[in-house]
Amino acid sequence: MLALFAPQVALAQPTTSVFSYPVGDQTADLGNYRIEQYYNNPVSNGYCSSDPNNNTLTLATCTGTWMYGHDGIDLNRGAGNADCNDPVYAAGIGTVVFAQASSGWGNLVRIRHNTVEGVRYTLYAHLNNMLVSVGQQVVRGQQIGAIGNTGTGSCHLHFGVLTADENGSGYYFDAPIFNHLNPVDFIVSHYPASVTPAWQDSFDFTQDSNNVYGCTDAVTGGESTNWIYSCQNRQTVFQPGQNVNMVVRIDNVRKNVTFSVQAWRLGQSSPDWTWTDPELQVEPNVWSHAFYLPRFDNVYAGDWEMRIFANTGSGPFQLTTFHFIVPGGNQQWPGSPYQYNGNSYTCKNGVTGGENTNWIYTCNGQQSSYAAGDIVSVLMRIDNVTSSHRFRARVFQQNGQSWTHLFTTNPTSWNDVPSGQTWQYAHYWTNINVTAGSYEVRVDIDLPGGTEFEDVNVAIIPFTVNPGSSASPYTYNGNAVTCSNEPTGGESTGWIYTCPRPASVFSQGQNVRALAFVQDVRQSYRFRSRFYRNGSSTVYSEQLTDWTTVPSGQVWSTAYTWPTLWYALSGNWRASVEIDVGSGWQMLRSDITFTVNAPAGGYSSSSFNVCLGNYQNERDASGVPQCWTPVSSQSSLSTLSTYYWRLRFTGLSVNTNIQFRIEAYHNGTFGWSWDFGPYTPASNGESWFFPEFANPGPGNWELLFFLKIGSGSFQQVDAHSFFAY
């Protein structure tokens, strides 16, 4: 029997929700809808306009006398069925709590919202059809159905606002009448004039390296990835003849959209080619994301600008630009900051040169095949350099048909090219100690105000390493990776240990582990590891392992160490790993670097709670979030219960949007993630995050919590591990 686990995560809704009327366009059509409020006999009629024949909307002129009993307002265009099949939109961001046919009300939808006053519910009755289901999260302006006459004689929308949800689905409510609010007053008081209705926005887009990038390998994704598309080895420098695969992502797509792209080469007066995609048919739904995947095949030398356009019905507008360089040719093309003509080598006897050679550097003993234990020197050169620059190298080893990233060297210092000058050449080299296998060294260049590397690959330098001498006590290929969780492995994996989630940026309070290993071990050994903070030469933490005995004549394939920096403080960190095989300490790596960020948005670990139940029910009379049923043993949770995590943030800018993210890992394997927002903090700069988790599957779990402020990137703010029994 196959058991399927579907996590339930509740939307962390903002406490400063914006609401709109559920019909028409706020700037036009709504003026045509009449407000009727009556109980058996008409009591009051009115329009959302000072003049019933004037479509210009002023919210303050929405008239009508509120009366209990009818418990809402009827929105229609007058007598008859002129309203039938007009779209009905969610009045605000929220979660659907009821969506089914009911007596009297016909097809009925109720949505739960968070506001500064507490939880509120909006009600939509007599719908012709319903486009949402219970538990679904909706945004303001998302179509949830169409006006109909189910449960009544003529087409109109009955719209209500409640302070408490009603369990009944009949025509009359059993709850006290003070649970029902005047929808006209509610909308006016929660709809600032400066806010654009959500259904007028076509989509959300932030230009950053997560939403716009290019790479040489093919784009993968589809239904198996929940329609997320991506490609590896992102770069902005491509070689002639390669294919440039581009990925552009937009979110919260609310309108049909057509994409197109133009390829412009620097110095040209017209694009070299254009490409237009068919229209994405989105309406009347809201898509969480959509991707555009243009591809430029067989690229040729130039400084390229890919201008990407979107069209949601009112004509194309430039959405973003992706810039990349294709080196090549005997002459530097206009505007290029350097020229690379394949000048890269590996050698066994090091690199020589300097002032006495007019700053020409040479790779001695140039070759492409080595023995395990050799020091491989990698040298590359660029010419006609007109911009300041710095270098780094990434080392990859072939593993079957794929390449494993072993390590990245520290960036070099900046080489400053004075304005107006052109350097004839610039060199970069690094030394690598490797074991047997096939390798690639990918050299990257960073320019001022440019890409900050972002996996910008300029040169790919391959070489192979043959098995070394049996006399060597061990071999080491430079591998080292930092991770926030315990490496997994053991007897079931043949004593191979891996870090499920490598990272180089951590949050204060996390545990950071530096995983490294040696191979072909023939002698007993021990490891020593040291951590240094903020460039200090004073050891912050040191860990020494016991001696591990390798019986005489045996060869162990691998030996691992993963020293841990417990509850790391914020700062820039460096770790070193050394080995002793009986002849004293030998340095394996001294440059394992990582960063620990200070808590974002005024968040501290003391703001973290795990609570039993549903977060929306855990509020006091003023709507302030509570944790009335805290979980005392947070390391062990039942698979049969619902929990929520409460994270409180303070000191946020009230004019800045924030977003939350949660990632879940089950038994060391990534399970799912969910993004929430963007939201605007409350007027006191406070915001809460309440991811909810129903019936976690049995096993070990780790939840990671992230915060994104404004146009920045997601930053991890906390983590929680537990065992579900």
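What you see is a predicted model, and the numbers here were worked out from it, not measured in a lab.

Details of the overall build of the protein chain
Next up, step 1: Each helix and strand counted, the protein chain has one helix and 51 strands in total.
Next up, step 2: For the protein chain, the proportion of its 725 residues judged to be buried stands at 49%.
Next up, step 3: Relative to all contacts within the protein chain whose residues are 6 or more apart in sequence, the contacts with residues 24 or more apart total 68%.
Next up, step 4: Surface exposure of the protein chain reaches about 32200 Å², of which carbon and sulfur atoms provide 46%.

A few points about the sheet that holds strand β26 (residues 375-385)
Next up, step 1: One open sheet holds the three strands; their spatial order is β22-β26-β29, and the pairing between them is antiparallel. Every interior strand has two partners, whereas the edge strands, β22 (344-347) and β29 (423-433), have only one. Across the sheet, the axes of successive neighbouring strands diverge by a mean angle of 20°, strand direction being ignored.

What about the nonpolar core?
Next up, step 1: Grouped together as the largest cluster of nonpolar side chains are 30 residues, with contacts concentrated most on M380, I382, V441, V443 and F463.
Next up, step 2: Where this core is concerned, the elements lending two or more residues are β26, β27 (390-399), β28 (402-408), β29, β30 (437-446) and β31 (457-466).
Next up, step 3: With 27 residues, the next largest nonpolar core counts F608, Y643, L703 and V717 among its residues.

Details of the state of the cysteines
Next up, step 1: Counted according to the given criterion, the structure contains four disulfides.
Next up, step 2: C84 shares a disulfide with C155; S-S distance 1.6 Å. Judged by the torsion about the S-S bond (45°), the C84/C155 disulfide is right-handed. With a gap of 71 residues between them, C84 in the loop between β3 (73-76) and β4 (87-89) and C155 in the loop between β9 (143-147) and β10 (157-162) connect regions that are remote in the sequence.
Next up, step 3: The residue that forms a disulfide with C347 is C363, at a sulfur-sulfur distance of 2.0 Å. In this structure the cystine formed by C347 and C363 twists about its S-S bond by roughly -115°; its chirality is therefore left-handed. Of the two residues, C347 sits in strand β22 while C363 sits in strand β24 (residues 360-363), which places them 16 residues apart along the sequence.

A closer look at the sheet that holds strand β44 (residues 636-637)
Next up, step 1: Pairing is mixed across the open sheet formed by five strands, whose spatial order is β44-β51-β50-β46-β47. A single partner strand is all that each edge strand has here, and the edge strands are β44 and β47 (669-679).
Next up, step 2: Where strand β46 (residues 658-666) and β47 come together, eight bridges link them in antiparallel fashion. Looking at β47, one finds that E663 is bridged to S673.

Points about the side chain of S260
Next up, step 1: Within the secondary structure, S260 sits in strand β16 (residues 258-265).
Next up, step 2: Once you skip the residues sitting within four places of it in the chain, S260 turns out to touch W275, T276, Y292, R307, I308 and F309.

Comments concerning the pattern of salt bridges
Next up, step 1: Applying the stated criterion across every chain, the model contains 14 salt bridges.
Next up, step 2: Salt-bridge contacts for R394 lead to D444; the nearest nitrogen and oxygen are separated by 2.8 Å. Here R394 is found in strand β27, whereas its partner D444 is found in strand β30, with 50 residues between them in sequence.
Next up, step 3: For D444, a relative accessible area of 0% puts it in the buried group.
Next up, step 4: Shared partners join several salt bridges into a network, and the residues in it are R392, R394 and D444.

Description of the environment of S638
Next up, step 1: By secondary structure assignment, the location of S638 is in the loop between β44 and β45 (642-649).
Next up, step 2: C-alpha separation for the pair S638 and P696, spaced 58 residues apart in sequence, amounts to 7.5 Å.
Next up, step 3: In this structure, S638 is in contact with Y643, P696 and Y725, ignoring residues within four places of it in sequence.
Next up, step 4: Only 3.0 Å separates the side chain of S638 from the backbone nitrogen of L640, close enough to count as a polar contact.

Digging into the packing of aromatic side chains
What characterises a pair of aromatic rings is the spacing of the ring centres plus the angle enclosed by the ring planes.
Next up, step 1: If you walk through the whole model with that rule in mind, you get 36 aromatic pairs.
Next up, step 2: Stacked on the ring of F98, the Lys or Arg R110 has its end atom at 4.4 Å from the ring centre.
Next up, step 3: The positively charged end of R307 is found above the aromatic ring belonging to W264, 4.0 Å away from the centroid.

What counts as what
Residue numbers run consecutively from 1 along every chain, following the written order of its sequence. Where local features are concerned, this predicted model is filtered to residues with pLDDT of at least 70; where side-chain atom pairs are given and counted, the filter is 80 or more; whole-chain, interface and lining totals use all residues. The basis for every side-chain value is the complete set of non-hydrogen atoms in the structure, without hydrogens or water. Only DSSP runs of H or I covering at least 4 residues are called helices, and only runs of E covering at least 2 are called strands; the numbering of each starts at the N terminus. Partly exposed describes any residue whose relative accessible area lies between the buried limit of under 20% and the exposed limit of over 50%, with all areas from a 1.4 Å probe on protein chains only and scaled to the type maximum. Note on contacts: a residue pair is in contact if any heavy atoms of the two residues lie within 4.5 Å. We get accessible surface area from the Shrake-Rupley algorithm with a probe of 1.4 Å; when it comes to residues, only the shown protein chains can shield them. Strands are labelled as partners when DSSP assigns at least two bridges between them. All axes here are fitted lines through C-alpha atoms, helices being fitted over the stretch that makes contact, and every angle between N-to-C directions spans 0 to 180 degrees. Residues belong to one nonpolar core when they are buried, are Ala, Val, Leu, Ile, Met, Phe, Trp, Tyr or Cys, and are joined through side-chain atoms within 4.5 Å. Counting rule for disulfides: a pair of cysteine sulfur atoms within 2.5 Å. A pairing counts as a salt bridge when a side-chain nitrogen of Lys or Arg comes within 4 Å of a carboxyl oxygen of Asp or Glu. By the criterion applied in these results, polar contacts are pairs of N or O atoms within 3.5 Å in which, for protein atoms, one can donate a hydrogen and the other can accept it, and in which residues neighboring in sequence qualify only through two side-chain atoms. Each aromatic pair joins two rings of Phe, Tyr and Trp (for Trp, the six-membered one) with centres within 6.5 Å, and gets the label stacked for planes under 30 degrees apart, edge-to-face for over 60, and tilted for any other angle. Look at NZ for Lys and CZ for Arg. If either is within 6 Å of the ring centre and within 35 degrees of the ring normal, a charge sits over the ring.

Taken by themselves, the reported measurements are silent on function.
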